[in-house]
Amino acid sequence: MSGNPFGLAELSHFGQMQRVGGKAAGFINKKFFHPSSLANQEKLWKAQTAAATEARKQGQMEKQREEEMQVEALKKQMYLQGQGKNTS
């Protein structure tokens, strides 16, 4: 026996992966669970867009909070030095 333990010497493709061809690929691409189906690609694009928008919004809010904290720190410093008005 020549390396084929199952006695399948007449099959030339034994032990080799065969490329999945046209009909099978087209069939599986249409399934709801397959990542390359058009509906799944659209869902992925929408999710990525929403995540990018949310990250941008969070960045803007963080920047705004930092600016507000700086303003409050300056007001506090001016009040402690007696330069500011007591607005409370």
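Residues numbered from 1 in each chain as written. Predicted model: local features only at pLDDT ≥ 70, side-chain atom pairs only at ≥ 80, totals over all residues. Heavy atoms only, no water.

## A short note on the overall build of the protein chain
For the protein chain, the count of helices and strands is two helices and zero strands. Within the protein chain, the fraction of its 88 residues that count as buried is 5%. Carbon and sulfur atoms provide 59% of the accessible area of the protein chain, an area that totals close to 8,400 Å². (Helix = DSSP H or I, 4+ residues; strand = E, 2+ residues; numbered from the N terminus. Buried < 20%, exposed > 50% of the residue type's maximum accessible area, 1.4 Å probe, protein only. Areas by Shrake-Rupley, 256 points an atom, 1.4 Å probe, with all protein chains shown as cover.)

## What about the side chain of N40?
Examined against the element boundaries, N40 turns out to sit in helix α2 (residues 38-81). The contacts of N40, once residues within four sequence positions are left out, are F32, F33, H34 and P35. (Contact = heavy atoms within 4.5 Å.)

## What to know about the packing of aromatic side chains
With the rule as written, the count across this model stands at one aromatic pair. Seen from their ring centres, F32 and F33 are 5.3 Å apart, and the 85° between their planes marks the pair as edge-to-face. (Phe/Tyr/Trp six-rings, centres within 6.5 Å; stacked < 30°, edge-to-face > 60°.)

## What to know about a negative patch on the surface
Residues E62, E66, E67, E68 and E72 make up a contiguous surface patch of negative charge. Note on placement: E67 falls in helix α2. Taking relative accessible area as the criterion, E67 reaches 46% and is therefore assigned partly exposed. (Patch = residues over 30% accessible without salt bridge, like charges linked within 9 Å, V, L, I, M, F, W, Y side chains within 5 Å. Salt bridge = Lys/Arg side-chain N within 4 Å of Asp/Glu carboxyl O. Lys, Arg positive; Asp, Glu negative; His and termini not counted. Charge placed at Lys NZ, Arg CZ, Asp CG, Glu CD.)

## Remarks on α2
The end-to-end C-alpha distance of α2, which contains 44 residues, comes to 65 Å, matching closely the 64 Å that a straight helix rising 1.5 Å per residue would cover. At the C-terminal side of α2, G82 shows a positive phi close to 85°. (Expected span 1.5 Å × (residues − 1).)

## Observations regarding the pattern of salt bridges
Taken as a whole and assessed by the stated rule, the structure comprises one salt bridge. With its nearest N and O atoms 3.4 Å apart, the salt bridge here joins K46 to E42. On the criterion of helical spacing, the pair formed by K46 and E42 is a turn pair, its members being four residues apart in helix α2. Here K46 falls in the partly exposed class, since its relative accessible area comes to 47%.

## Here's the deal with the side chain of S37
Assignment of secondary structure puts S37 in the loop between α1 (22-29) and α2. The class of S37 is buried, set by a relative accessible area of 6%.

## As for the confidence of the model for the protein chain
Looking at the protein chain as a whole, its pLDDT mean stands at 80, while 69% of the residues score no less than 70. Between residues 14-18, whose pLDDT stays under 50, and residues either more than four places distant or in other chains, the model counts five contacts. (pLDDT = per-residue confidence, 0-100.)

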